[in-house]
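Breakdown of the fold
The primary structure of each chain is shown beneath.
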Amino acid sequence: MTSRRPLFLILLLASLLPVSSCSDQRMQNAFCESEEIRLMVGGDIPFVYDPGTCQMAFSRDLREFRAHTDNMSDFYAVTLSDIPSSIGQRVSGNLIWTTREEVLTRKNLTLEVVRIEGEQFWLWSQTGRIGLTIKILE
């Protein structure tokens, strides 16, 4: 009886993998459908750029993008290994953002370019379930 238990657990876990990946794909698709400059972490959206109350900054030399409220109370900023240029490209980045309670960081995050519209790029981390939109300002 006990020899069947590990096999059962392995089969159960294997059957759950497609459900998890479908959920992740739906989350990525929902992120890509939005036109907004924003940050999405899991199902939460801690920051959405509002041109009336926010600002954006971009440095090609530092490979850094920032979006923040006018008083800097809410923001996200990412420093990338490379400037995104094509769909499917993978870059690494260090991300920092605010929540209601704290400032969080993720270092060495792998991000894939999943959508490009002009100078706006949608970046997605499959492992972190993090999506962020950046705009190349020049």
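What counts as what
- Residues numbered from 1 in each chain as written.
- Predicted model: local features only at pLDDT ≥ 70, side-chain atom pairs only at ≥ 80, totals over all residues.
- Heavy atoms only, no water.
- Core = buried A, V, L, I, M, F, W, Y, C linked by side-chain atoms within 4.5 Å.
- Buried < 20%, exposed > 50% of the residue type's maximum accessible area, 1.4 Å probe, protein only.
- Helix = DSSP H or I, 4+ residues; strand = E, 2+ residues; numbered from the N terminus.
- Contact = heavy atoms within 4.5 Å.
- Pairing = 2+ DSSP bridges.
- Axes fitted to C-alpha atoms, helices over the stretch in contact; angles between N-to-C directions.

**Focus on the nonpolar core**
Considering soluble globular proteins, one finds that nonpolar side chains tend to be buried as a cluster. If you look at the biggest cluster of nonpolar residues, it comprises 24 residues, and the most contacted ones within it are Tyr76, Leu95, Leu132 and Ile134. Contributing elements (two or more residues each) for this core: β3 (54–59), β4 (64–69), β5 (75–80), β6 (90–98), β7 (103–117), β8 (120–125) and β9 (130–135). Among all residues touching Leu95, those that are not within four sequence positions of it are Leu39, Tyr76, Ala77, Val78, Leu104, Thr105, Arg106, Leu109, Ile130 and Leu132. With seven residues, the next largest nonpolar core counts Met27, Cys32, Met40 and Val114 among its residues.

**Thoughts on the pairing of strand β2 (residues 44–48)**
With three bridges connecting them, strand β1 (residues 38–41) and β2 associate as antiparallel partners. Looking across to β2, one finds that Val41 is bridged to Asp44. Where β1 folds back on β2, the antiparallel hairpin that results is connected by two residues, among which Gly42 adopts a positive phi of roughly 60°.

**Looking at the sheet that holds β6**
Sheet architecture is open: nine strands sit in the order β2-β1-β9-β8-β7-β6-β5-β4-β3, paired in antiparallel fashion. If you trace the sheet from one side to the other, it starts and ends with β2 and β3, each paired once. Mean inter-strand twist for the sheet, computed between neighbouring axes without regard to direction, equals 25°. Relative to β6, β5 is paired through five bridges, and the arrangement is antiparallel. Within the sheet, the bridge partner assigned to Tyr76 lies in β6 and is Trp97.

**A short note on the pairing of β4**
Of all six residues that make up β4, five are buried, and the element is covered over most of its length. Bridge count between β3 and β4: six bridges; the pairing is antiparallel. Across the sheet, residue Gln55 finds its bridge partner in β4, namely His68. Between the antiparallel neighbours β3 and β4 lie four residues, among them Arg63 with a positive phi of about 55°. Pairing geometry for β4 and β5, over five bridges, is antiparallel. Across the sheet, the residue bridging to Arg66 is Ala77, located in β5. A loop of five residues connects β4 with β5, the two strands running antiparallel in sequence, and Met72 in this loop sits at a positive phi of about 65°.

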